[in-house]
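Read off the chains here:
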Amino acid sequence: ERLSQALERLRSHEPSPMFCLRTSSGNRFVAERQILCVLAQGDYTEVWLDDGTSELVDVPMYTWEERLGGMFVRVHRSSLVRLDAISTLDRSLSGTYSLRVHGVDQTIKVSRQAAKMLRGRFVA
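The rules we used
- Residues numbered from 1 in each chain as written.
- Predicted model: local features only at pLDDT ≥ 70, side-chain atom pairs only at ≥ 80, totals over all residues.
- Heavy atoms only, no water.
- Pairing = 2+ DSSP bridges.
- Helix = DSSP H or I, 4+ residues; strand = E, 2+ residues; numbered from the N terminus.
- Axes fitted to C-alpha atoms, helices over the stretch in contact; angles between N-to-C directions.
- Phe/Tyr/Trp six-rings, centres within 6.5 Å; stacked < 30°, edge-to-face > 60°.
- Buried < 20%, exposed > 50% of the residue type's maximum accessible area, 1.4 Å probe, protein only.
- Contact = heavy atoms within 4.5 Å.
- Core = buried A, V, L, I, M, F, W, Y, C linked by side-chain atoms within 4.5 Å.
- Salt bridge = Lys/Arg side-chain N within 4 Å of Asp/Glu carboxyl O.

**Q** Before we go on, may I ask you to explain the sheet that holds strand E3 (residues 35-41) in this structure?
**A** Paired through backbone hydrogen bonds, the strands of a sheet run either parallel or antiparallel to each other. Spatial ordering of the open sheet is given by E5-E4-E3-E7-E6, a layout of five strands whose pairing is antiparallel. Single-partner strands in this sheet number two, and they are strand E5 (54-57) and strand E6 (72-76). For this sheet, the mean inter-axis angle between neighbouring strands, taken without regard to orientation, is 20°. Relative to strand E7 (residues 79-82), E3 runs antiparallel, the two sharing three bridges. The residue of E7 that forms the bridge with Val38 is Leu80.

Quick look at the structure:
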């Protein structure tokens, strides 16, 4: 009976998917919940993690978009962001939008279409 209860607990616990980031310095395994955003960098993508670091990998944006779960949204052709990691959504005087992600030291461009979707969630 105890074994059956332990197995049931294991089945009910759904772990976060893991990703292997192949970098120039070796492989790094990270859970999906550790990823804050993915930014296009030419033929590569830069994966920002919740520990304040980033890794440059040779995985294209469309692959990240397919692999990452529903808590991520494509806010621009060059960026994919975890919704609960967004700290601010800003509007410039020219009407363009950008956002900030907790732990990422750069602003991220937001497309007009994504801005419409995000405006309901954040005050600009």
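Let's pick the thread back up.
**Q** Hey, could you run me through the packing of aromatic side chains in this one?
**A** Given two aromatic rings, their pairing is described by the distance between the two centres and the angle made by the two planes. Here the structure, examined in full by the defined rule, presents one aromatic pair. Measuring from centroid to centroid gives 5.6 Å for Phe19 and Trp64, while their planes differ by 55°, and the two rings are tilted. Of the two residues, Phe19 is situated in strand E1 (residues 18-23) and Trp64 in helix H2 (residues 61-67); the sequence distance between them amounts to 45 residues. For the pair shown, Phe19 and Trp64 are each scored as buried.

**Q** What am I meant to see in the sheet that holds strand E10 (residues 108-110) here?
**A** Pairing is antiparallel across the open sheet formed by three strands, whose spatial order is E8-E9-E10. Of all strands in the sheet, those bounded by a partner on one side alone are strand E8 (86-91) and E10. Within the sheet, the average angular offset between the axes of one strand and its neighbour, ignoring direction, is 30°. This element, helix H3 (residues 112-119), spans E8, strand E9 (97-101) and E10 of the sheet and lies at about 90° to E10.

**Q** Just to check I follow, could you spell out the nonpolar core for this structure?
**A** Note on soluble globular proteins: their nonpolar side chains tend to be buried together. Val75, Val81, Leu99, Val101, Ile108, Val110 and Leu118 are the most contacted members of the largest nonpolar core, which has 20 residues in total. The set of elements that each furnish at least two residues to this core consists of E3, E6, E8, E9, E10 and H3. Those residues in contact with Val110, other than ones at most four positions away along the chain, are Val75, His76, Leu89, Tyr97, Ser98, Leu99, Ala115 and Leu118. With 14 residues, the next largest nonpolar core counts Leu21, Val57, Val59 and Phe72 among its residues.

**Q** What should I look at first to understand the pattern of salt bridges in this one?
**A** A side chain with one charge can pair with a side chain of the opposite charge if their charged atoms come near. Tallying each qualifying case throughout the model produces five salt bridges. Among the salt bridges present, the one from Glu55 reaches Arg28, with a minimum N-O distance of 2.9 Å. Here Glu55 is found in strand E5, whereas its partner Arg28 is found in strand E2 (residues 26-31), with 27 residues between them in sequence. Judged by relative accessible area, which is 16%, Glu55 ranks as buried. Of the residues examined, Arg28 reaches a relative accessible area of 24% and is grouped as partly exposed. One salt bridge connects Glu65 with Arg74, and the closest N-O pair in it is separated by 2.8 Å. For Glu65, a relative accessible area of 38% puts it in the partly exposed group. Judged by relative accessible area, which is 26%, Arg74 ranks as partly exposed. Bridged by salt links that share partners, the residues Arg28, Asp51 and Glu55 form one connected network.

So yeah, pure geometry; function would need other evidence.
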